[in-house]
Amino acid sequence: MTTVLLVDDDALVRGGLRALLDAEPGLTVAGEASDGAAGVELARRLRPDVVVMDIRMPGRDGASATREIVSWAAPRPAVLVLTTFDLDDVVDDAISAGADGFLLKRATPDELVAGIRTVAAGDALLSPAVTRRLFRLHARRRPADDDVALTGREADVLRELAAGRTTTEIAGAMFISSETVRTHVKHLLAKLGARDRTQAVVWAYRSGFMDRA
């Protein structure tokens, strides 16, 4: 059973999400919070598998709360940001804070459920709209760091991650096992000094790597 904590200042949104998720097999809502401070405290106490986090909330915002949760030692909850705000600064703040995934509230119920399962499994999740924004935000930044020597396979895996694909999808596209994908990811994270897959994707866009892909 995958446990989920909902953090959103809108009680109607939380109620709708609870009804949706509790009806899904293998998912259960462990708790709710109406701001970032309460969300952090509940996440610390309940240790859910996934925190679904809004960004713009009164008091402590979602980016600050996300930054604290992802700093915890493993195993920690995965954080999936779910927000109404399709704005460059919101996207950049959430991803820079270390969120494991980012979806807009206009996502379909199936997309949300799939997103929760994706981040719970340890994969990064960036919606196509977010990927496009990252590309536009960082397309003209510094060129890729030539000191980071990725193998051809590692570079291929990073491109797939940046395209928003999961471990299983990458394995199928590259005709390799999921375990081999995880090994390549582990190696490229170490080389990039990235904490997780989301940071690796951000590096791929900010460094100019994707310009050369």
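Please read these numbers as outputs of a predicted model, since none were measured by experiment.

Chemist: In this structure, what is going on with the pairing of strand S4 (residues 78-83)? I would like to understand it.
Modeler: In regular strands, side chains alternate between the two faces of the sheet. Counting buried residues along S4, six of its six residues qualify, which places the element largely inside the surrounding structure. Neither face of S4 is left uncovered, since the one carrying Ala78, Leu80 and Leu82 and the one carrying Val79, Val81 and Thr83 both have all their residues buried. Bridging between strand S3 (residues 50-53) and S4 involves four bridges; their strand directions are parallel. In the strand pairing of S4, Val50 is matched with Ala78. Crossover handedness for the path S3 to helix H3 (residues 62-70) to S4: right-handed. The pairing of S4 with strand S5 (residues 101-104) spans four bridges and is classified as parallel. Considered in S5, the bridge of Val81 is made with Phe102.

Chemist: I keep staring at the pattern of salt bridges and nothing clicks. Help me out?
Modeler: Two side chains bearing opposite charge may form a pair once their charged atoms approach each other closely. By the definition in use, this model includes 16 salt bridges. The partner of Glu68 in a salt bridge is Arg60, and the shortest N-O contact between them spans 2.7 Å. Residue Glu68 is classed as partly exposed on the basis of its relative accessible area, which comes to 24%. Take Arg60: its relative accessible area is 27%, and that puts it in the partly exposed class. Across the pair Glu154 and Lys191 runs a salt bridge, and its minimum N-O distance is 2.8 Å. Taken together, the residues Glu154 in helix H7 (residues 152-162) and Lys191 in helix H9 (residues 178-192) connect sequence positions 37 residues apart.

Chemist: Just to check I follow, could you spell out the packing of aromatic side chains for this structure?
Modeler: Ring pairs (aromatic) are described by centroid distance and by the angle formed between their planes. Scanning the model with the defined rule gives one aromatic pair in all. For the ring pair Trp203 and Phe209, a centre distance of 5.9 Å and an interplane angle of 45 degrees mean the geometry is tilted. By relative accessible area, which is 7% here, Phe209 ends up buried.

Chemist: How should the environment of Gly15 be read in this particular structure?
Modeler: When you line up the elements, Gly15 lands in helix H1 (residues 11-22). Sequence spacing of Gly15 and Glu32 is 17 residues, and the spatial spacing of their C-alpha atoms is 9.2 Å.

Chemist: Explain the nonpolar core here, please?
Modeler: Grouped together as the largest cluster of nonpolar side chains are 49 residues, with contacts concentrated most on Val51, Met53, Ile69, Leu158, Leu188, Leu192 and Phe209. Among the domains, domain 1 (2-140) and domain 2 (144-212) are the pair contributing at least three residues each to this core. Excluding its chain neighbours within four sequence positions, the residues that come into contact with Leu188 are Leu150, Glu154, Val157, Leu158 and Ala200. With 17 residues, the next largest nonpolar core counts Val52, Val113, Ile116 and Leu125 among its residues.

Chemist: Would you explain the layout of surface pockets in this entry?
Modeler: Picture a little ball the size of a water molecule; that probe, rolled over the atoms, points out where space is still empty. As a volume, the largest pocket reaches approximately 550 Å³. For the largest pocket, the lining is made up of 27 residues, of which Arg76, Ala78, Asp100, Val119 and Gly122 are closest to its centre. Broken down by secondary-structure element, the contributors of at least two residues to the lining of the largest pocket are helix H5 (109-120), helix H8 (167-174), H9 and helix H10 (197-206). In terms of residue count, H9 provides more of the lining of the largest pocket than any other element does, four residues in total. A breakdown of the residues in the lining of the largest pocket according to their chemical character gives 13 nonpolar, four polar and ten charged. The residues that make up the lining of the largest pocket include at least three from each of domain 1 (2-140) and domain 2 (144-212).

Chemist: Just to check I follow, could you spell out the sheet that holds strand S2 (residues 27-33) for this structure?
Modeler: Each strand in a sheet pairs with its neighbour through backbone hydrogen bonds, running either in the same direction (parallel) or in the opposite one (antiparallel). Spatial ordering of the open sheet is given by S2-S1-S3-S4-S5-S6, a layout of six strands whose pairing is parallel. Each edge of the open sheet is held by one strand with a lone partner, namely S2 and strand S6 (125-126). Against the sheet, H1 engages strand S1 (2-7), S2 and S4, with an angle of about 160 degrees to S2. Along the sheet, H3 makes contact with S3 and S4, crossing S3 at roughly 165 degrees.

Chemist: Looking at this model, I keep getting lost on the side chain of Glu154. Mind explaining?
Modeler: The buried category is assigned to Glu154, whose relative accessible area is 4%. Among the polar contacts made by the side chain of Glu154, one reaches the main-chain amide nitrogen of Thr151 at a distance of 2.9 Å. Here the side chain of Glu154 touches Lys191 through a polar contact of 2.8 Å, side chain to side chain. Excluding anything up to four places from it in sequence, Glu154 contacts Ala149, His184, His187, Leu188 and Lys191.

Quick notes on the rules
- Residues numbered from 1 in each chain as written.
- Predicted model: local features only at pLDDT ≥ 70, side-chain atom pairs only at ≥ 80, totals over all residues.
- Heavy atoms only, no water.
- Buried < 20%, exposed > 50% of the residue type's maximum accessible area, 1.4 Å probe, protein only.
- Helix = DSSP H or I, 4+ residues; strand = E, 2+ residues; numbered from the N terminus.
- Pairing = 2+ DSSP bridges.
- Right-handed = clockwise from strand over helix to strand, strands pointing away.
- Salt bridge = Lys/Arg side-chain N within 4 Å of Asp/Glu carboxyl O.
- Phe/Tyr/Trp six-rings, centres within 6.5 Å; stacked < 30°, edge-to-face > 60°.
- Core = buried A, V, L, I, M, F, W, Y, C linked by side-chain atoms within 4.5 Å.
- Domains from an automatic or database assignment.
- Contact = heavy atoms within 4.5 Å.
- 1 Å grid on protein atoms, 1.4 Å probe; cavity = no way out; pocket = protein on both sides within 12 Å on 5 of 7 lines; lining within 4 Å.
- Points joined across faces, edges and corners; volume = space filled by probe spheres on them.
- Nonpolar A, V, L, I, M, F, W, Y, C, P; charged D, E, K, R; others polar.
- Axes fitted to C-alpha atoms, helices over the stretch in contact; angles between N-to-C directions.
- Polar contact = N/O pair within 3.5 Å; in protein donor to acceptor, adjacent residues only side chain to side chain.

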